[in-house]
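# Observations on the three-dimensional arrangement
Single-letter residue listing:
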Amino acid sequence: MFPLRKGKSTASRSSEAMANVAIDLLPIEIWMLILYEAQYDDLLLRYRWLRRYSLVCKAWRPYAQELLFAHVALRGCTHCKAFMKAIETSRAHDPAHAATLARAVRTISMVMDHQEIYGRTLALCPNLRELHVCMYHAAFRPEALASLTRLPASIRALRVRAYHPTALYQLLALFPHIEYLEVDASGIRAPLLAPPLRAPPAWRLRELRYANVHRGAHVFVEWALSGPGAGSRETLEALRVQCPTFGVGVLPALELVHLQSLAVPRVESGDGDALAVLTQVEEVWMIAPRYPSPAFRPLPAGLRHLALHPLGEVDYREIVADLAAYYESSDGRLEVLTYHRRVDEDDDCVEDIQLLYEFCRERGLKFRLMDPPYGYYAGERVPFEPVSECPRAMPLSSRRSGGEAKLEAIMKMTRKKPTLTRKIARSAKKAFGSALHPAALARP
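Quick summary incoming for the structure in this document. Computed from a predicted model, the values in this text were never measured in an experiment.

Rules behind the numbers
- Residues numbered from 1 in each chain as written.
- Predicted model: local features only at pLDDT ≥ 70, side-chain atom pairs only at ≥ 80, totals over all residues.
- Heavy atoms only, no water.
- Helix = DSSP H or I, 4+ residues; strand = E, 2+ residues; numbered from the N terminus.
- Contact = heavy atoms within 4.5 Å.
- Areas by Shrake-Rupley, 256 points an atom, 1.4 Å probe, with all protein chains shown as cover.
- Buried < 20%, exposed > 50% of the residue type's maximum accessible area, 1.4 Å probe, protein only.
- Pairing = 2+ DSSP bridges.
- Patch = residues over 30% accessible without salt bridge, like charges linked within 9 Å, V, L, I, M, F, W, Y side chains within 5 Å.
- Salt bridge = Lys/Arg side-chain N within 4 Å of Asp/Glu carboxyl O.
- Phe/Tyr/Trp six-rings, centres within 6.5 Å; stacked < 30°, edge-to-face > 60°.
- Lys NZ or Arg CZ within 6 Å of the ring centre and 35° of its normal.

We now examine the overall build of the chain. A count of helical and extended segments in the chain gives 17 helices and 14 strands. Sequence-distant contacts, at least 24 apart, represent 64% of the contacts inside the chain between residues at least 6 apart. With the model as given, the accessible surface of the chain reaches about 23400 Å², and the carbon-plus-sulfur share is 55%.

Structure below.
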């Protein structure tokens, strides 16, 4: 028998030749657009794919590497050293290409501590726009703070997760030029989060997002918006506060004259005067409307998008009646209602979804059911962008399937009569108002 000939088959050589012809025919700008879209897998960046793209041919290599360096994740000083070494090695072989890679960095996510190497790493990226930081340490050393003073002035968005207030305020003082700020301080208890004696940086924020699960921690919001002069009070377009004790009653004192998007735990019946001053608000999110029950009549008249999270065990008919009264008083400007609620297979009570859907259908409004609530899947996050439309753009995961079909199935489900426990809870609420929490009626 003759030995088998090793090598590529005729078919594989033909397909490779056709691929090379296709690469030569299309302009590199078209391939750049294709690579930009191809780097994502369900909203998540796949660095392994970009590394493979850079090995396809010499024409793709520099462009794929630019995309590879656009989003950098550095988890500690070891990754920072490796990143700096990669830039230095490239600079030794091709200084122009090394400078291109450094300028390509747009977003850096890093776990930061009190060492100096983090400041030196950030200083290598002159076009850095977005910085995500997670800090576990209590405070920065003086030499580490000195290295961070050389941060690129191009940074416009800062996202921080902190566990100690001193390190948090030390870092924020270094960013007077940012426009978007997100702070997750749930690891810091309220008594320790007292604002420092000095005023915040002279920033002019366009969006502020703050999260803290502890009661009394909302004082950070008032501090962040109390800069010199008009500052952020004149420029803020979106405010999102996830704190159980934050109420809209503090908004008049903040004088947010250009606020367009507001996300708060809930709106209560006595908040009408506080919301009346927000004449430009077009979007309101109620993140925790469970208790006390939300009120809709105090909402601004120019509202176009209303987003609700699960309502809990309340009288849904009263809720929808209050919503209908608001809609009539506002001359029907509401356009979209988004309900963030998870529906499980064994969920036998969907009356809230049915009533809200019917409310929208009868008035020609768009009803959107977010099942599960937005942000459940990795990569779902409202981008840091100017508020140009309401509802704001929300990238959705491809795992959200069967939206319309699922909603149709929910509408066909039989409405069950309220149980005895729910009747008692509703009666107690009417009798005691907000003085009695529904948890008090739970079984021991």
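So, on to the pairing of strand β10 (residues 261-264). Of the two faces of β10, the one carrying S261 and A263 and the one carrying L262 and V264 are both buried. Here strand β9 (residues 238-242) runs beside β10; their pairing, made up of 3 bridges, is parallel. Across the sheet, L239 pairs through a bridge with L262, a residue of β10. In this structure, β10 lies alongside strand β11 (residues 283-286), joined through 4 bridges in parallel fashion. From the neighbouring strand, A263 faces β11, where its bridge partner is W285.

The next thing to look at is a nonpolar patch on the surface. Among the surface-exposed residues, L26, I30, L33 and I34 lie close enough to one another that they form a single nonpolar patch of about 330 Å² accessible area. Here L33 is to be found in helix α2 (residues 28-38).

This part takes up the pattern of salt bridges. Within this structure, the stated rule accounts for 19 salt bridges. In this structure, R156 engages E179 in a salt bridge whose closest nitrogen and oxygen atoms are separated by 3.9 Å. Of this pair, R156 sits in the loop between α8 (142-148) and β6 (157-162) while E179 sits in the loop between α9 (165-172) and β7 (180-184), placing them 23 residues apart in sequence. Residue E179 is classed as partly exposed on the basis of its relative accessible area, which comes to 24%. Across the pair E182 and R209 runs a salt bridge, and its minimum N-O distance is 3.4 Å. Taken together, the residues span a long stretch of sequence, with E182 in strand β7 and R209 in strand β8 (residues 207-211) at a distance of 27 residues. Connected through salt bridges with shared partners, the residues E130, R159, E182, E207, R209, R381 and R392 form a single ionic network.

It is worth spelling out helix α4 (residues 61-70) at this point. Along α4, the residues classified as buried are A64, Q65, L67, L68, F69 and A70. Tucked inside the fold, the buried residues of α4 contact α2, α3 (47-53), β3 (71-75), α5 (77-93), α6 (95-104) and β4 (107-112).

A cis amide bond, omega -5°, links D371 with the succeeding residue P372. Assignment of secondary structure puts P372 in the loop between β14 (366-370) and α16 (403-411). Here the bond from C390 into P391 is cis, since omega is 5°, no more than 30 degrees from zero. Along the chain, P391 turns up in the loop between β14 and α16. Even without glycine at this site, E255 takes up a positive phi of about 55°. Along the chain, E255 falls in the loop between α12 (251-254) and β10.

Take the packing of aromatic side chains next. According to the stated counting rule, one finds 11 aromatic pairs in the structure shown. Relative to F220, the ring of Y169 lies with its centre 6.3 Å away and its plane at 35°, an arrangement referred to as tilted. Of this pair, Y169 sits in helix α9 while F220 is found in helix α10 (residues 219-224), placing the two residues 51 residues apart along the sequence. The exposure class of Y169 is buried, given its relative accessible area of 6%. A residue is classified by how much of its surface remains accessible, and F220, at 0% relative accessible area, is buried. Between the aromatic rings of F220 and W223, the centroid separation amounts to 5.6 Å while the plane-to-plane angle is 45°, which identifies the pairing as tilted. In this pair, F220 and W223 are both assigned in helix α10, 3 residues apart and thus about one turn of the helix distant. The residues F220 and W223 share a single accessibility class, namely buried. Here the guanidinium or amino end of R240 rests over the ring plane of W285, the centre of that ring lying 5.1 Å away. Positioned over the ring face of Y376 is R342, at 5.1 Å from the centre of the ring.

Turning to the pairing of β11, a few remarks are in order. Residues of β11 alternate between two faces, with E283 and W285 on one and V284 and M286 on the opposite face, all of them buried. With 4 bridges connecting them, β11 and strand β12 (residues 305-308) associate as parallel partners. By the bridge assignment, M286 is partnered in β12 with L308.

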